[in-house]
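Given next are the chains, with one letter for each unit.
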Amino acid sequence: MKIAVIVFPGSNCDFDVYYALKEIAGIPSELVWHKEKTLKNFSGVVLPGGFSYGDYLRAGAIAKFSPIMEEVKRFAEEGKPVLGICNGFQILTEAGLLEGALLRNRSLKFLCQDVFLKVENKNPIFLKELKKGQIIKLPIAHMDGNYFCDDKTLKELIKNKQIAFRYCLHNGKIEEENIKANPNGSLYSIAGIFNKKGNVLGMMPHPERYVEKILGSRDGIYIFRSLKNFLMG
Amino acid sequence: MKAKLEVYLKETVLDPQGKTIKNALKNLGFDEIEDLRVGKIFYIDLNIEEEGEARRIVEEAAEKLLCNKIIESYKVYL
Amino acid sequence: MKAKLEVYLKETVLDPQGKTIKNALKNLGFDEIEDLRVGKIFYIDLNIEEEGEARRIVEEAAEKLLCNKIIESYKVYL
Amino acid sequence: MKYNEIVSLKDALALGLSKAEWKKILKFLKRIPNYTELGIFSALWSEHCSYKSSKIYLKKFPTKGKRVLQGPGENAGIIKLDDELCVVFKMESHNHPSYIEPFQGAATGVGGILRDIFTMGARPICLMDSLFFGSLKDQNMVYLLNGVVEGIAFYGNCIGVPTVGGQTSFYDAFKDNILVNVFCLGIAKKDEIFYGKAKGKGNAVFYVGSKTGRDGIHGATMASESFEDDLKEKKPNVQIGDPFTEKLLLEALLEIMKGDSIEGIQDMGAAGLTSSSFEMAERGKSGLVLYLDKIPLREKDMDPYEIMLSESQERMLMVVKKGKEEEVLKVFKKWDLDAVEIGYVTDTKKVEGYFKGEKVIDLEIEPLVSKAPKYKRPYKKPSYIDELNKEEDIKIEIKNFEKEIIEFLQNPNISSKKPIYRQYDHQVQTNTVLKPSFDSALLRIKGKDYGIALTSDVNPLWCYLNPREGSAYAVAEAVRNLSCVGAKAIGVTDCLNFGNPENPEVMWQFKESIEGISEALKFFNIPVVSGNVSFYNETSKKSIWPTPTIGMVGFIKNIKKVLNYERGKKSSIYLAGEGELRLSSSLFSFHKGILIGRIPKLNLKNEKKLCKFLLNGFKSKAIFGAHDLSEGGLLVSLVELSLLLNSGVDIKFSKENEILFLLGEGGSKALVFGEDNKIESLSKILEVPLIKLGNFNENLFSIKTNNFKFEIPFDDLKDLIEKGLEKFME
Ligand SMILES: Nc1ncnc2c1ncn2[C@@H]1O[C@H](COP(=O)(O)OP(=O)(O)O)[C@@H](O)[C@H]1O
Ligand SMILES: [Mg+2]
């Protein structure tokens, strides 16, 4: 069992994710260059945050053509775990593996701050260690995290239980129009979504940044531990 | 030949940048400006001269990369 | 009436975005694309109908706010 | 003028050289230079590159110490952490470019300092930014502030180096010359450092990174001139930052540096290819031959003059060991970067440049670098010094205390800088233990028990009133800020921002300031390992206030054990330390429009005592957390402490002069909290005066004295303190 952390040109959370997986969560992991063509020896893949290709054009738009993405697509189809964090989420939407798009933050500014997230649905791969309705604290750091999709897609996401996290206040209240409760202005306060099968998760907040007490919170570890338990069976 | 590709947000997608700029202009006294939306424009130099072919190539580049059709539309000008 | 304002980097100014996008297109096999530069376009609705006046207003908006003349130039289309 | 045309005095003057310097050139060369060569002289002899006005003073800095592996003179300074690792750091200004184009100016400032660090083989792990603007009442200042902050965010966030701290001030002395100082620190293995030396006759010289365009031609000369009305003419020089390319360059270089193929390497910063080639050859005691037609160009028809002086960003010059060329090229190819062999190392002590078969540069290195002019410029004490330095303190009447305080807390100088640092990714690389808002940023080092702390300090108002003591205070404050998170100072970098050195009054400020810094650093035994001087921050004969920014790095032995903020809320709040308090020269009096009176006396012994108390307190777990007193005095410090702990406070005291006690500034003081009895006994042992002020208090921020009362719900205080700056940054 081993997880691949993809390194795109301009990725900058690649090592952070690798460190969190390997050193903290104890999951065998490896950094994999985006020009590789196979993920044969891996059982899961993470697309980390950063600015692939400088986020020039649109965040994630150019990275979707990297050779490794064919394998990521195969993983998605075969039901293997695929996790996209921040820029990774943006790449997954650009590649069509997740619905919707991530627009510029409503404030038009980069935002680096803690957010509270409400766990919206259950998921056997990524959220096993979290309860539905649970509130966790994770940091965001992005310019384009304002989730958008059309009405029909939103209804589907809700119906299919594809919403993973929603931004909320510390007490769990969701207020879509309140900048404190939904800092980037995401539609329906969406912070992370699954694909229909539930094996692809894209999320704007950075779980890898909060896996150690010394850095202020350990709420991110739940996601990696869930993944570990799933892969170890 | 030279081509221009305009890529802009669909009507149904909120354009906070456009809104902010519009407000800024209103504050500067530009009362004549009713609405403003922001798009991207690509100035493309092609090493071919045939119009139909040029248009086809730019459209393909838009479909593949330059325009995200979930949120954007585009127009080609030659 | 409607106006379009194109704002683009001056010729001599480096356009890292355009450069990166061009390389991406080349990698996708768009060999016909020799060069690509990126600009902004503003779609402006004005509540006046007189062409000269409209042009004057958009130009003023460009000069005052929308174009950073140190590195950019602009063009107005009505 | 054509690049190979022979020049005259007139051309030299036009390029900013003096008549005496022109004569000196002729004497060195024993012939008349061509235009390209003259351009090289003008760049390398510019203030920015040659430090001609400052060199004799910079010698006064202490630069030695047990931990010092590299002092001033290289791309950056190096301090040892343990037997394996070291930190590499430096601070630089990008003042002029940021005023002309704030976004790109600040962005390329970040790009430049990052390159200084990673050329040495260190991975940059953090940035800090020190910003000085005019009052935000001026719409242009609001534009500059937002542009600068967004530019720093754009570059730092994209390349993935966290901006973990900084400082931001607003004084009208900076309204025509804003200051943008950026600090970067990297980490490297002690014996895997790379230097900017061209060595090994016959070794190939490589150009790597972005292509060369006409941007920034003569930036170094521009940074060595005052702003006048010809500002507009200078505008076409704007450089554009490309953080994505720099990220590739960073990764490619660090990958190559793991092998054994690089002999020496240097960033093409100010004066581009000119300074990198001459300086590398100088340090390597060698020479270089360069083929200028081989330089990758972005624009057509560039001539040698332009090529040598372009300041296009994201470029490096590299000397590769024989036989390793292919290895190097392979890595650059992987990262999609240009790398071109453009020449080779010689032993001629000359830089020779060829263009289209013609030798266009034939210059000995010594005259341009080590024998560049040095000036002992005349200095004179400015008349304002005695006028303003009144002994008697001012008195301030306050009628409606609550109203005035609410107003004061919204002064952008006091107000929370969160609207700024929220735009900076301050957590990427997952080392940030204390984020911006604390006195110092604190980073852990993965795999080690220890950590490092960083702070950047200077109070320009005080440096204006008293350049010597004000500058010494900057050092003292930095040491104190490090102590407040339990860290001991190990090294300093500086960025000395001053006006026109040809003005004797500015020169006096400079000399005084350097002496003040040196004295304080010697007292604390902290070495300077790198730095930067930025003169000519002057517009229409008006110079900025002297602003010697001090960037200080601290060491903390056991990072896990030290900090205990969470447990703090149950303890009492104490004021520790001593020293003269004054209202004159305080931010409150400045806020009220009063600028007269000397600054409070600095007593370095008190400072040392307080810092010892703090460090011992942390170590023995008597102290859980601390926050020093600086701009805004006790009152502002209490507000900030309250925000740090996310809790109100309940403070009661009575004093003879309560306004002075609450809002006066000066001395060496900090708020501390922890185990009450341990704190009290430690203060007795170390003879540090201590006053118990009150407690933490969940929802209410409350200060009550005999004559004054300030009460506000904690949540309102939080909004209030952010609003002051927020309203300019929405
Ligand atoms: N431009 C900036 N960039 C990043 N952080 C900043 C900036 N300005 C201020 N800060 C942060 O805000 C906090 C308060 O700053 P300051 O009042 O200068 O602190 P101090 O008085 O302790 O030196 C510090 O943590 C500092 O790092
Ligand atoms: Mg402080």
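Above this note sits the structure.
Scope of this entry: the structure provided in the associated data block.

About the cut-offs
All residue numbers refer to position in the chain's written sequence, counted from 1. Labels are handed out in written order, letters beginning with A for the chains and numbers beginning with 1 for the ligands. The predicted nature of this model means local features are confined to residues of pLDDT at least 70 and side-chain atom pairs, given and counted, to a pLDDT of 80 or more, with totals for whole chains, interfaces and linings taken over all residues. Calculation of side-chain values draws on the structure's entire complement of heavy atoms; hydrogens and water are dropped beforehand. Note on conventions: DSSP H or I runs of at least 4 residues are helices, E runs of at least 2 residues are strands, and numbering of each starts at the N terminus. In this setup the radius of gyration rests on C-alpha atoms only. A globule is expected at 2.2 Å times the number of residues raised to 0.38. Partly exposed residues are those whose accessible area sits between 20% and 50% of the maximum for their type, while under 20% is buried and over 50% is exposed, using a 1.4 Å probe and protein chains only. Note on contacts: a residue pair qualifies if any of its non-hydrogen atoms lie within 4.5 Å across the two residues. Here the Shrake-Rupley method, with its probe set to 1.4 Å, supplies the accessible areas, and only the displayed protein chains count as covering residues. Here a residue is considered near a molecule or strand provided that any single heavy atom belonging to it is located within 4 Å of it. Distance and chemistry together define a polar contact, namely a pair of N or O atoms within 3.5 Å, with one atom able to donate a hydrogen and the other to accept it when in protein, and with adjacent residues in sequence counting only for side-chain atoms on both sides. Here the copies are superposed with least squares, the fitted atoms being C-alpha atoms of residues at a pLDDT of at least 70 in both. Throughout, the arc means that of the directions going from the helix axis to the C-beta atoms. Pairing between strands requires that DSSP locate at least two bridges from one strand to the other. Simply put, an axis is a line fit to the C-alpha atoms, just over the touching stretch for a helix, and the angle between two N-to-C directions goes from 0 to 180 degrees. Throughout, buried area stands for the accessible area (probe radius 1.4 Å) lost by two parts on being put together, summed over both. The term salt bridge refers to a side-chain nitrogen of Lys or Arg lying within 4 Å of a carboxyl oxygen of Asp or Glu. Asp, Glu, Lys and Arg are counted as charged, while Ala, Val, Leu, Ile, Met, Phe, Trp, Tyr, Cys and Pro are counted as nonpolar; the rest, among them Gly, fall into the polar class. Comment on the angle field: the value is read as roughly parallel under 35 degrees, roughly antiparallel over 145, roughly perpendicular from 65 to 115, and oblique elsewhere. Left-handed is the label given to a crossing in which the near helix is rotated counterclockwise from the far helix by less than a right angle, and right-handed is the label when the rotation is clockwise. Metal-coordinating donors are taken as N, O and S atoms lying within 2.8 Å of the metal, or within 3.2 Å when the metal is Na, K or Ca; because water is left out, some sites can appear incomplete.

**Quick look at the overall build of chain B**
Logical step 1: Looking only at helices and strands, one finds 2 helices and 3 strands in chain B.
Logical step 2: Going from N to C terminus, chain B has its helices and strands arranged as β-α-β-α-β.
Logical step 3: The C-alpha atoms of chain B give a radius of gyration of 16 Å, which is well past the 12 Å a tight globule of 78 residues would have.
Logical step 4: In terms of its C-alpha atoms, chain B occupies a principal-axis envelope of roughly 45 × 25 × 15 Å.
Logical step 5: Out of the 78 residues belonging to chain B, those deemed buried represent 49%.
Logical step 6: Of the contacts made within chain B by residues no fewer than 6 positions apart, 66% connect residues no fewer than 24 positions apart.
Logical step 7: Total accessible area on chain B is roughly 3,800 Å²; 49% of this is exposed by carbon and sulfur atoms.

**Structural notes on the site of ligand 1**
Residue and element names in this part refer to chain D.
Logical step 1: Of all residues adjacent to ligand 1, which total 19 residues, the nearest are D129, T168, S437, F438 and D457.
Logical step 2: Taking G166, its main chain carries an N or O atom lying 3.1 Å from an oxygen atom of ligand 1.
Logical step 3: The side chain of S630 places a nitrogen or oxygen atom 3.1 Å from an oxygen atom of ligand 1.
Logical step 4: Isolated, ligand 1 exposes 550 Å² of accessible area, and the fraction of that covered by the protein chains is 89%.
Logical step 5: Sorting the residues of the shell around ligand 1 by element identifies strand 4 (123-133), strand 5 (163-170), helix 17 (418-421) and helix 19 (467-483) as the ones contributing at least two each.
Logical step 6: With 4 residues, strand 5 is the largest single contributor of residues to the shell around ligand 1.

**Digging into the relation of the copies chain C and chain B**
Logical step 1: When chain C is fitted to chain B, the best match, at an RMSD of 0.2 Å, comes from turning it 180° and sliding it 0.0 Å along the axis. Here the copies are linked by what is in effect a two-fold axis. Residues of chain C ranked by C-alpha distance from the rotation axis are headed by K40(C), positioned 2.3 Å from it.
Logical step 2: With an isologous cut-off of 70% or more, the 100% of interface residues of chain C that recur at the interface of chain B puts this contact in the isologous class.

**Let's talk about helix 16 (residues 401-409) of chain D**
Residues and elements named next belong to chain D.
Logical step 1: Within helix 16, burial applies to F401, E404, I405, F408 and L409. The buried residues of helix 16 occupy one face: seen down the axis, they fall within an arc of 130°.
Logical step 2: Against the buried residues of helix 16 lie helix 22 (587-591), helix 24 (633-645), helix 25 (658-663), strand 28 (709-713) and helix 27 (714-726).

**A few points about the sheet that holds strand 22 (residues 572-578) of chain D**
Residues and elements named next belong to chain D.
Logical step 1: With mixed pairing, the 7 strands of this open sheet are ordered in space as 23-25-22-26-24-27-28. Every interior strand has two partners, whereas the edge strands, strand 23 (623-628) and strand 28, have only one. Strand-to-strand twist across the sheet, computed as the mean angle between neighbouring axes with direction ignored, equals 25°.
Logical step 2: In this structure, strand 24 (residues 648-652) lies alongside strand 26 (residues 690-697), joined through 4 bridges in antiparallel fashion. The residue bridging V649 from the neighbouring strand is F696, located in strand 26.
Logical step 3: Most of the contacts of helix 24 go to strand 25 (residues 668-674), to which it runs at about 35°, and overall it touches strand 22, strand 23, strand 24, strand 25, strand 26 and strand 27 (700-704).

**What to know about the pairing of strand 26 of chain D**
Logical step 1: Pairing of strand 22 of chain D with strand 26 of chain D, which is carried by 5 bridges, proceeds in the antiparallel orientation. Bridging from a neighbouring strand, I573(D) pairs with G694(D) of strand 26 of chain D.

**Comments concerning the interface of chain C and chain A**
Logical step 1: Chain C puts 6 residues into the contact, and the matching count from chain A is 5 residues.
Logical step 2: In total, about 510 Å² of surface goes out of reach between chain C and chain A, with carbon and sulfur atoms giving 87% of it.
Logical step 3: Taken together, the links from chain C to chain A amount to 0 salt bridges.
Logical step 4: Run the count over chain C and chain A and you get 1 residue pair in polar contact (both at pLDDT 80 or more).
Logical step 5: Per-class residue counts for the side of chain C that touches chain A are 4 nonpolar, 2 polar and no charged.

**Digging into the interface of chain C and chain B**
Interface size is commonly expressed as the accessible surface area that is lost when the partners come together.
Logical step 1: Chain C puts 33 residues into the contact, and the matching count from chain B is 33 residues.
Logical step 2: When the two sides are added together, the surface that chain C and chain B hide from each other amounts to roughly 3,000 Å², 65% of it contributed by carbon and sulfur.
Logical step 3: If you sort the residues of chain C by the area they bury against chain B, F30(C), E32(C) and Y43(C) come out on top, with a joint share of 20%.
Logical step 4: Between the two partners, chain C and chain B, sit 2 salt bridges.
Logical step 5: Note that E6(C) and K4(B) form a salt bridge whose closest N and O atoms lie 2.7 Å from each other.
Logical step 6: Put simply, chain C and chain B have 20 residue pairs in polar contact (both at pLDDT 80 or more) between them.
Logical step 7: Mapped onto the side of chain C that touches chain B, the elements with two or more residues apiece are strand 1 (2-9), helix 1 (16-27), strand 2 (33-46) and helix 2 (51-66) of chain C.
Logical step 8: In terms of residues, the side of chain C that touches chain B owes the most to one element, strand 2 of chain C, which gives 14 residues.
Logical step 9: Along the lines of polarity and charge, the residues of the side of chain C that touches chain B split into 20 nonpolar, 2 polar and 11 charged.

**Regarding the packing of helix 16 of chain D against helix 24 of chain D**
How two helices sit against one another is set out by the angle between their axes and by the gap between those axes.
All names here are of chain D.
Logical step 1: Relative to each other, helix 16 and helix 24 sit at 65°, their axes nearing to 12 Å. Put simply, helix 16 runs roughly perpendicular to helix 24. In terms of crossing hand, the pair formed by helix 16 and helix 24 is right-handed. Touching F401, I405, F408 and L409 of helix 16 are L635, V636 and V639, all from helix 24.
Logical step 2: A class-by-class count of the residues in the contact of helix 16 with helix 24 yields 7 nonpolar, no polar and no charged.

**A closer look at the sheet that holds strand 9 (residues 163-168) of chain A**
Residues and elements named next belong to chain A.
Logical step 1: Pairing in this open sheet of 9 strands is mixed, and the strands run 2-1-3-4-11-10-9-6-7 from one edge to the other. Lying at the two open borders of the sheet, with one neighbouring strand each, are strand 2 (29-33) and strand 7 (135-142). Taking each pair of neighbouring strands and ignoring which way they run, the sheet shows an average axis angle of 25°.
Logical step 2: As paired strands, strand 6 (residues 111-119) and strand 7 are joined by 8 bridges and run antiparallel to one another. Looking at strand 7, one finds that L111 is bridged to H142.
Logical step 3: Docked against the sheet, helix 3 (residues 87-94) engages strand 3 (44-47), strand 4 (82-85), strand 10 (190-194) and strand 11 (200-203), running at close to 115° with respect to strand 4.
Logical step 4: Strands strand 1 (3-7), strand 4, strand 7, strand 9 and strand 11 of the sheet are contacted by helix 5 (residues 221-232), whose axis makes an angle of about 130° with strand 1.

**Quick look at the arrangement of the chains**
Logical step 1: The chain pair with the greatest number of contacts, out of 5 pairs of chains in contact, is formed by chains B and C.
Logical step 2: No part of chain B reaches chain D; the closest C-alpha pair between them is 10 Å apart.

**Some remarks on the coordination of the magnesium ion (ligand 2)**
Residues and elements named next belong to chain D.
Logical step 1: Taken together, the protein donors to the magnesium ion (ligand 2) comprise D439 (OD), N481 (OD1) and D628 (OD), at separations of 2.1 to 2.2 Å.
Logical step 2: Written as a sequence motif, the donor residues of the magnesium ion (ligand 2) are D-x41-N-x146-D. In this pair, N481 sits in helix 19 while D628 sits in strand 23, placing the two residues 147 residues apart along the sequence. Each member of the pair, N481 as well as D628, carries the same accessibility label: buried.

**Some details on unusual backbone geometry**
Logical step 1: The backbone phi angle of L108(A) is positive, close to 65°, even though this residue is not glycine.
Logical step 2: Tracing the backbone shows L108(A) in the loop between strand 5 (101-103) and strand 6.
Logical step 3: Positive phi, close to 60°, is recorded for K621(D), a residue that is not glycine.
Logical step 4: Taking relative accessible area as the criterion, K621(D) reaches 35% and is therefore assigned partly exposed.

**Some thoughts on the pattern of salt bridges**
Pairs can form between side chains of opposite charge once their charged atoms are near each other.
Residues and elements named next belong to chain B.
Logical step 1: For the structure shown, the criterion picks out 80 salt bridges over all chains.
Logical step 2: Across the salt bridge formed by E53 and R56, the nearest N and O atoms sit 3.3 Å from each other. Here the residue E53 and the residue R56 both occupy positions in helix 2 (residues 51-66), the gap between them amounting to 3 residues, near one helical turn.

**What about the side chain of N146(A)?**
All names here are of chain A.
Logical step 1: Along the chain, N146 turns up in strand 8 (residues 146-148).
Logical step 2: On the basis of relative accessibility, which here comes to 7%, the residue N146 falls in the buried class.
Logical step 3: When residues no more than four places from it in sequence are discounted, the contact partners of N146 are A101, L102, L103, R104, N105, R106, N184, G185, S186 and L187.

**A few points about the pairing of strand 22 of chain D**
Residue and element names in this part refer to chain D.
Logical step 1: Of all 7 residues in strand 22, 6 are buried; the element is thus mostly enclosed.
Logical step 2: Sheet analysis places strand 22 next to strand 25, joined by 5 bridges and oriented antiparallel. Looking at strand 25, one finds that A576 is bridged to A670.

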